[in-house]
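# Inside the fold
Here is how the chains run, residue by residue.
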Amino acid sequence: MSSPVALPVPQIPRRRPTAVREPLQDRPVDGRKRVLLAAPRGYCAGVDRAVVAVEKALQRYGAPVYVRKQIVHNIHVVTELEAQGAIFVDEVDEIPEGSHVVFSAHGVSPMVVSAAEDRHLHAIDATCPLVTKVHREAVRFARDDFEILLIGHDGHEEVEGTAGEAPDHVTVVNSPAEADTVEVRDPAKVVWLSQTTLSVDETMETVNRLRTRFPELQDPPSDDICYATQNRQVAIKKVAADADLVIVVGSANSSNSVRLVEVAREYGAKAAYRVDYADEVQQEWLDGVATVGVTSGASVPEVLVQEVLQVLAEAGYGDVEEVRTAEEDLMFSLPKELRQDISGQRDERALGGRSR
Ligand code: SF4
């Protein structure tokens, strides 16, 4: 639903001061200059939980706390956590024995868990519960000897983690085109699962093409593409239909952010670009543009969106309408290892208090 309320653009300092650049110019265009701001956008429940887990681990154990891979795929978030004492590594064998490690929101395979145990690491598993759900599905279908066609991007951490749960049963299907060529052992025992952050439309195209070849293909018990990915795509579809330009805030390795750019183009935006930071918005993108759509991926803090709105306001796009297509109130509790440790710490303090 579109609400015609002009939202104030807060005055906040720009992040990442880089090379001095010319401010964007307020040039005349045909029509009223405005921004359509998609909602929901930005942080999802799984990202929020993972980032808070690293912050709480730093507070509880002190720096450094190691994080395997980027905790979430956003360069700004990673940089901020590094400044607080987090150290990001690619693999657990880079971490000194006995240290604390946080596994990222994208999940890990059992091999990674066991490598961490071998190094006596204290692991905090910040895998998003909606990714864990897909892991459990993979384990269950493998136990029943199904062949699992995992729709997702080969090499993405989430796909590696899910495939690692049942490596002998999983084949990754990267695209609709691959659905036409993938081979299975027994077409009567095949199920599809997916990465949580894909394009809904493209995934359904892949599934339809798979089903043409394997009519007995089973569906997952519930949607694998998560609520946050779906909600952000629905919102940008509505915005894109009226937008001359869409700007998606998010990092290049953020699957759901990149999908938002693609979806915006497919659903009518004349142009769509992804930026990490506001200073990447280019003057020429705005030439002749009356309506700018803005959204952000599920790993993007709202401050980065507000900085883009500030830059756009300087160029005459200060009139901001929010286009909201869903409400979100999902929250996940902290990883259990951290909850136990934090509550243990409270208990110790309580006991200490009583004994004095
Ligand atoms: S995008 Fe979805 S699956 Fe990924 S962390 Fe967020 S809620 Fe979880």
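First, a word on scope: everything that follows refers to the structure included in this document. (Residues numbered from 1 in each chain as written. Predicted model: local features only at pLDDT ≥ 70, side-chain atom pairs only at ≥ 80, totals over all residues. Heavy atoms only, no water.)

This paragraph deals with helix H4 (residues 129-143). For H4, which comprises 15 residues, the first-to-last C-alpha distance of 21 Å matches the rise-based estimate of 21 Å (1.5 Å per residue) to within 8%. The elements touched by buried residues of H4 are strand E7 (147-151), helix H5 (157-164) and strand E9 (190-194). Once H4 ends, the next one or two residues include Asp-145, with phi positive near 60°. (Helix = DSSP H or I, 4+ residues; strand = E, 2+ residues; numbered from the N terminus. Expected span 1.5 Å × (residues − 1). Contact = heavy atoms within 4.5 Å.)

What follows concerns the site of the ligand. Taken together, Cys-44, Gly-46, Val-47, Cys-128, Leu-130, Val-131, Thr-196, Thr-197, Cys-226, Tyr-227 and Ala-298 make up the full set of residues adjacent to the ligand. Here the ligand occupies the largest cavity. If you list the elements that add at least two residues to the shell around the ligand, you get helix H1 (45-61) and H4. Grouping the constituent residues of the shell around the ligand by class yields 8 nonpolar, 3 polar and no charged. (Near = heavy atom within 4 Å. 1 Å grid on protein atoms, 1.4 Å probe; cavity = no way out; pocket = protein on both sides within 12 Å on 5 of 7 lines; lining within 4 Å. Sits in = over half its atoms within 2 Å of the grid points. Nonpolar A, V, L, I, M, F, W, Y, C, P; charged D, E, K, R; others polar.)

Bringing the packing of helix H8 (residues 227-240) against helix H9 (residues 255-266) into the picture now. At a closest axis distance of 9 Å, the pairing of H8 and H9 adopts a crossing angle of 30°. Classified by the interaxial angle, the pair formed by H8 and H9 is roughly parallel. For the pair H8 and H9, the crossing hand works out as right-handed. Residues Thr-229, Arg-232, Gln-233, Ile-236, Lys-237 and Ala-240 of H8 touch H9, and the partners they reach there are Asn-256, Arg-259, Leu-260, Val-263 and Ala-264. For the contact of H8 with H9, the residue count by class is 5 nonpolar, 3 polar and 3 charged. (Axes fitted to C-alpha atoms, helices over the stretch in contact; angles between N-to-C directions. Parallel < 35°, antiparallel > 145°, perpendicular 65-115°, else oblique. Left-handed = near helix turned anticlockwise from the far one by under 90°.)

Counting across every chain of the model gives 24 salt bridges. Glu-328 is paired through a salt bridge with Arg-232; the nearest N and O atoms lie 2.8 Å apart. In this pair, Glu-328 is assigned in the loop between strand E13 (320-324) and helix H11 (336-355) and Arg-232 in helix H8, connecting sequence segments 96 residues apart. Overall, Glu-328 belongs to the partly exposed group, its relative accessible area being 27%. For the salt bridge of Glu-262 with Arg-259, the shortest nitrogen-to-oxygen distance reads 2.9 Å. Taken together, the positions of Glu-262 and Arg-259, both in helix H9 and 3 residues apart, correspond to about one turn of that helix. By relative accessible area, which is 27% here, Glu-262 ends up partly exposed. Assessed through its relative accessible area of 12%, Arg-259 is described here as buried. A network of salt bridges, in which partner residues are shared, links Arg-41, Glu-302, Glu-322, Arg-324 and Glu-327. (Salt bridge = Lys/Arg side-chain N within 4 Å of Asp/Glu carboxyl O. Buried < 20%, exposed > 50% of the residue type's maximum accessible area, 1.4 Å probe, protein only.)

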